[in-house]
Structure formats: C-alpha cells, structure tokens
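Descriptive structure summary
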Amino acid sequence: MTALLAQLGIQHPIFLAPMAGISTPELAAEVSNQGGLGALGLGANSIQTARQQILQTQALTHHPFQVNFFCHQSQAIHEQDAQAWIQQFSTKFQALGVPTPTHLNCIYPSFADNDDFLELVLETHPKAVSFHFGLPLPHQIQALKNAGIITMVSATNLAEAKVIEAAGIDIIIAQGIEAGGHRGIFNEHYDAAIKTTDLVQLLKQYCKSPIIAAGGIMNGQQAKYALDLGADAVQLGTAFVQCKTSNAHDAYRKALFEQPLTQITASISGRPARGLINHWHKEIDTPNRLTVPAYPYAYDLAKQLHAAASKHNDYGYGAFWAGSNVAQIRALEAADLINQLILEMKS
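Presented here is an overview of the structure given in this document. (Residues numbered from 1 in each chain as written. Predicted model: local features only at pLDDT ≥ 70, side-chain atom pairs only at ≥ 80, totals over all residues. Heavy atoms only, no water.)

Time to look at helix α7 (residues 138-146). Residues Q140, I141 and L144 constitute the buried set of α7. The buried residues of α7 all sit within an arc of 100° when viewed along its axis, so they share a single face. Exposed and oriented more than 90 degrees from the buried face of α7 are P138 and N146. Tucked inside the fold, the buried residues of α7 contact α6 (116-124), β4 (128-132) and β5 (150-155). (Buried < 20%, exposed > 50% of the residue type's maximum accessible area, 1.4 Å probe, protein only. Helix = DSSP H or I, 4+ residues; strand = E, 2+ residues; numbered from the N terminus. Arc of directions from axis to C-beta. Contact = heavy atoms within 4.5 Å.)

Below, the discussion takes up the sheet that holds strand β11 (residues 273-276). Reading across from one edge, β7-β11-β10 is the order of the 3 strands in this open sheet, with antiparallel pairing throughout. At either margin of the open sheet sits one strand with a lone partner, and together these are β7 (181-182) and β10 (262-265). Relative to β11, β7 is paired through 2 bridges, and the arrangement is antiparallel. Residue pairing for β11: G181 is matched across the bridge by R274. (Pairing = 2+ DSSP bridges.)

Core analysis: the largest hydrophobic core is formed by 99 residues, its most contacted members being V67, F69, L203, V234, F240 and W280. The dominant element in this core, judged by the number of residues it contributes, is helix α14 (residues 297-310), at 8 residues. Once you skip the residues sitting within four places of it in the chain, F240 turns out to touch L16, M19, L27, V31, S246, A334, L337 and I338. Ranked by size, the runner-up nonpolar core spans 14 residues in total, among them L5, L8, I171 and I173. (Core = buried A, V, L, I, M, F, W, Y, C linked by side-chain atoms within 4.5 Å.)

Here we come to the packing of helix α8 (residues 158-166) against helix α9 (residues 196-206). The N-to-C vectors of α8 and α9 enclose an angle of 45°; their axes lie 10 Å apart at closest approach. Comparing the axis directions of α8 and α9 gives the class oblique. Of the two possible hands of crossing, α8 and α9 adopt the one that is right-handed. Along the contact surface, α8 presents L158, A161 and E165, while α9 presents L199, L202, L203 and Y206. A breakdown of the residues in the contact of α8 with α9 according to their chemical character gives 6 nonpolar, no polar and 1 charged. (Axes fitted to C-alpha atoms, helices over the stretch in contact; angles between N-to-C directions. Parallel < 35°, antiparallel > 145°, perpendicular 65-115°, else oblique. Left-handed = near helix turned anticlockwise from the far one by under 90°. Nonpolar A, V, L, I, M, F, W, Y, C, P; charged D, E, K, R; others polar.)

With that settled, consider the sheet that holds strand β3 (residues 65-70). The 8 strands are arranged β1-β9-β8-β6-β5-β4-β3-β2 in an open sheet whose pairing can be described as parallel. At either end of the open sheet lies a strand with only one pairing partner, and these are β1 (14-16) and β2 (38-41). Recorded for the sheet is a direction-independent mean angle of 25° between the axes of neighbouring strands. In the sheet, strand β6 (residues 171-175) pairs with strand β8 (residues 211-214) via 4 bridges, with the strands oriented parallel. Looking across to β8, one finds that I173 is bridged to I212. Strands β5, β6 and β8 of the sheet are contacted by α9, whose axis makes an angle of about 150° with β6.

On to the environment of Q140. Of note, Q140 is situated in helix α7. Between the C-alpha atoms of Q140 and A59, which are 81 residues apart in sequence, the distance is 26 Å.

What follows is about the environment of I141. Relative to the helices and strands, I141 resides in helix α7. On a C-alpha basis, the gap between I141 and I169 in space is 7.5 Å, while along the polypeptide they are 28 residues apart. Not counting residues within four places of it along the chain, the set of residues in contact with I141 comprises P136, A167 and I169.

Looking now at the pairing of β6. Counting buried residues along β6, 5 of its 5 residues qualify, which places the element largely inside the surrounding structure. What you see with β6 is no split at all: I171, I173 and Q175 on one side and I172 and A174 on the other are buried throughout. Pairing between β5 and β6: 4 bridges, direction parallel. Its bridge partner lying in β6, A155 is registered against A174. Following the chain from β5 across α8 to the adjacent parallel β6, one finds a crossover that is right-handed. (Right-handed = clockwise from strand over helix to strand, strands pointing away.)

The next point concerns α8. What sets the pattern is the α-helix's 3.6 residues per turn: residues three or four places apart point alike. All of the buried residues along α8 are L158, E160, A161 and I164. In a view along the axis of α8, the buried residues occupy a sector of 155°, so they form one face of it. Residues of α8 that are exposed and point over 90 degrees away from its buried face: A159 and A166. At the N-terminal boundary of α8, the capping side chain belongs to N157, with an oxygen 3.1 Å from the backbone nitrogen of A159. (Polar contact = N/O pair within 3.5 Å; in protein donor to acceptor, adjacent residues only side chain to side chain.)

Let's shift gears to the pairing of strand β9 (residues 233-236). Covered by surrounding structure in β9 are A233 and Q235 together with V234 and L236, the residues of both alternating faces. Across 3 bridges, β1 lies against β9 in parallel orientation. Note that in β9 the partner of I14 across the bridge is V234. Two strands pair when backbone bridges link them, and β8 and β9 are joined in this way by 3 bridges, in the parallel orientation. Directly across from A214, in β9, lies its bridge partner Q235.

Take a look at the structure:
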C-alpha cells in the first residue's frame, strides 16, 4: 500500500470512481485535496469538454487525480435489431409528445478508435489515466508510459487481469459484481460475476500488480476489510454521488436515499450496468426481451426517452447507477466523507 501511495503521490488509499456524467472538476479536486485520488469520468465527453474538465481540475488542485476513458470495441449497429428496439418504445414517445427516433447514434467513441484522446492526455498530463471495457492499443499504452503517466484498467475476472498485466498496465482495478454503473467486462456477453472481496483475493494470488478494490464499498470498515485481504487501495463511487459537487440530478440524489434497491441491466445502454431499479428493470427486462442494440447505440435511445419523460417529472427511465450497498449511503460532502472513511479505517 505504501509503495502505491508513493507512486501516485497521494496520502490515503482512497480513490474516487471516475463516473461519466456525474464526476465534476469540483468533486475530483475535493477528493484530491483531502489526500485521496480524485477522478474525472471523461468517456462521454468530446475532446473540447474533456480538455475543459481536466484544466479546470488542475486549477482547483495541485494534487494528483485520474482521468478515465472507455475502451469498448466499436461496432456497427445491426439495423434490424435497432429498428425493433425503437418501435417498442414508439407509444411511449408519442405519449410524451415527442417524435419517435428514426435511428440510433454512436454517442460515445472508444479511446482506441483514434489517438485524439491520447493526445489530449499527453498534452494535459494528469497523474494517472484509467480505462473501462478493455485495453487501449499497444502504441497508446507505450506513449502513456513514455510520458510517465500511470495507467490503470478495470478487471472483473482473473483472465482480464492477466491480459491487463501482460500489456504492461501499472495498476489493476478489481471491479466486483457489487459495483454501481457499467461492468468493466471486456466481452459484454460474458461476466464471471465475482464479488469484490473474492476478486481481490484471486488477483492478489495470481497477479503482481497493485490491486484496487472497487464495488460495494461504502464505509471505512468495508474499506479496511478489502485492504486486509490484500487490496492496495479502495475505489468508491456510489458513496460520492450524493455530494453537492457531483453532477447528479436532484431526482437521482433523492432516489439514492429513498429507493436503494439495485439490479443489473443491459437494456439502458447495451452493456450490463448496475443501477437503482426503475422502469427498465420492471417493464423492459422481461423474459422475452428483444435483442438490445449494441453499446452505445441503445444508450442513445435511453437518453432521449429519459429527457422526454423528465419533462413530465417521470425519472423512471434515468440511468441512476448505484452499487449494491447503496442503502448504506450517507449525506456527507466529499471532504467530510473522506475524513469519516479514514476514521473508520483506523477504528
């Protein structure tokens, strides 16, 4: 643990999860200024907005933070599946008074599609960069290493961790099945569904790289348990969503405290992700569910539907990502939450 803290230049073994759409420069800076590793989830950003977020965070803190990108395998959409998926929502769009989409867009690029985001990272030079859904290309990894930028990749099973380590990545994020948001699985059709504590022990047994425990950690006792099992640090996301400096909608914050039950679904985005149970889980995830369009095409429809329904105060189509232990959430701002975690880890 001490070696990892020195490598990253942080005081405490606490990482903020890089939550796309939820993380902000203010939240990242608050965590970093308190001695943890702040984070920006930039996978849903354009080059311009990603640059703005990085520069703004650097203006708010002189301490290290990480930036995160998606590394999914981009694929062409299957039009027949897409049109069938769209049509089942046509009556919902009509009832909301908006036109039904005619096609689905690829709203999120992959870091591996080109070197645009790589060049941005090399230009702005954050302390660390992490990746979800897979690995960047070999020349991208080498460029980051040559620049002295620490690399991290999410693993949900041992096979992924071995691939990550063989690629020369510095740190492995062990994402257990309890984690909120998207599963970091390399293959969206296969998920070993290992719980965080088991995954940490498995990776510590077979991997030499530092391991960060991620998934279901909401308090210092859980963090200490993961560290005692061999994790070099812990990563928390759901616990920080309620902070005033996050970008979460008020309805999202409210639901975290009032509707703390979660389930994994691929219906929202096209990839499995854990969130608060809503219309998607109750109405769409039936035994005869249609084939969900590929990620991120399905997400395009979900976002349009959520935007339309929200205007009628119906937030049941929102992607309110949350981990399985969300019922343990506490109303604390980032600095206070970090301090509370540290106190609990020492008790």
